[in-house]
Amino acid sequence: MGLDIYAGPLTRYYAHNWKTAAQQWAEEHGIGFSKVGPNGEPLAEETVSPAEVQQGMEAWRDWLLGALSQPGQAPLEPWPEDNERPYYTDKPDWDAFGAMLLMTAGHIYGESVPDTVAKGWDFWAHPLIRRMTEDPSRGWSLFRGAEWWLPLPDTVFFEAPRPGGDKGKMASLALLRWELEQINQLVWQAEEKTILTWSSAEGYPADWEMGEDGRFRMGQVHEVYGTETLAKFAFSIFYQAANFAEENQVPILLDY
């Protein structure tokens, strides 16, 4: 399964009122697209109304904020929930996400990293990434399996039930922002205007090409990718998602 990133209201996400980057691209180019599950079957759309979804998201949000609030301190401010506020999405996919983690771990420990990574590589098993995940002095949410980042003021990491009842690892946007700043400082020291270009200028080589008839067709299938270009690509997407989430006070979710 591929990896998408979504920044927006939980209501829109759970009401399926959003389209992945792949869906948007397919629609723009007149190509059919459908989401499928791990068994290859199309995913069925739920019939719960957006109003019911919003009610459930607000109840879950208020419960979580209540659980996170500290005695003697002001209650945490709830983020807005509805089915109409804008959202941001893009598709770093797992290989680029892993490349970003690998570049980060290499710079933290002063170790060299390979120039390329294989398509579908098991990045969690790489010694440098595994070292970061097991390092008690490095409590980074990106290396500890966080899949949600919520608009909370403090740098926190925790595990809690999600709206569907399953438990998930979560962190604050404040912690994600700190981690992204650390990655950029360690690896590139790039200005924001440069970072913003990486989501279009860097990344995966194209496996599709335009034919003479104006239709897309499969071109060369790449099995190896450049480590740094993938890392820049994923970093730019996470950076833009964090910018959007902070500006709109909405969560960030990994979707796969």
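Further up the page is the structure itself.
Read on for an overview of the structure. Fair warning: this is a prediction, and the values are worked out from it, not measured in the lab. (Residues numbered from 1 in each chain as written. Predicted model: local features only at pLDDT ≥ 70, side-chain atom pairs only at ≥ 80, totals over all residues. Heavy atoms only, no water.)

## Quick word on unusual backbone geometry
Both trends apply: most residues other than glycine have a negative phi, and most peptide bonds are in trans.
Working step 1: The phi torsion at D93 lies on the positive side, around 60 degrees, for a residue other than glycine.
Working step 2: Examined against the element boundaries, D93 turns out to sit in helix α4 (residues 93-109).
Working step 3: D93 gets classed as partly exposed once you look at its relative accessible area, which sits at 23%. (Helix = DSSP H or I, 4+ residues; strand = E, 2+ residues; numbered from the N terminus. Buried < 20%, exposed > 50% of the residue type's maximum accessible area, 1.4 Å probe, protein only.)

## As for the pattern of salt bridges
Side chains that differ in charge, positive against negative, can pair when their charged atoms come close.
Working step 1: Overall, the coordinates contain 7 salt bridges when judged by the stated rule.
Working step 2: One salt bridge in this structure joins D93 and K91, with 3.6 Å as the shortest N-O distance.
Working step 3: With its nearest N and O atoms 3.0 Å apart, the salt bridge here joins R162 to E147. Of the two residues, R162 is situated in the loop between β5 (157-161) and β6 (167-172) and E147 in the loop between α5 (127-134) and β4 (148-150); the sequence distance between them amounts to 15 residues. Here R162 matches E147 in class, with each residue buried.
Working step 4: Salt bridges linked by common partners bring D4, K91 and D93 together as one network. (Salt bridge = Lys/Arg side-chain N within 4 Å of Asp/Glu carboxyl O.)

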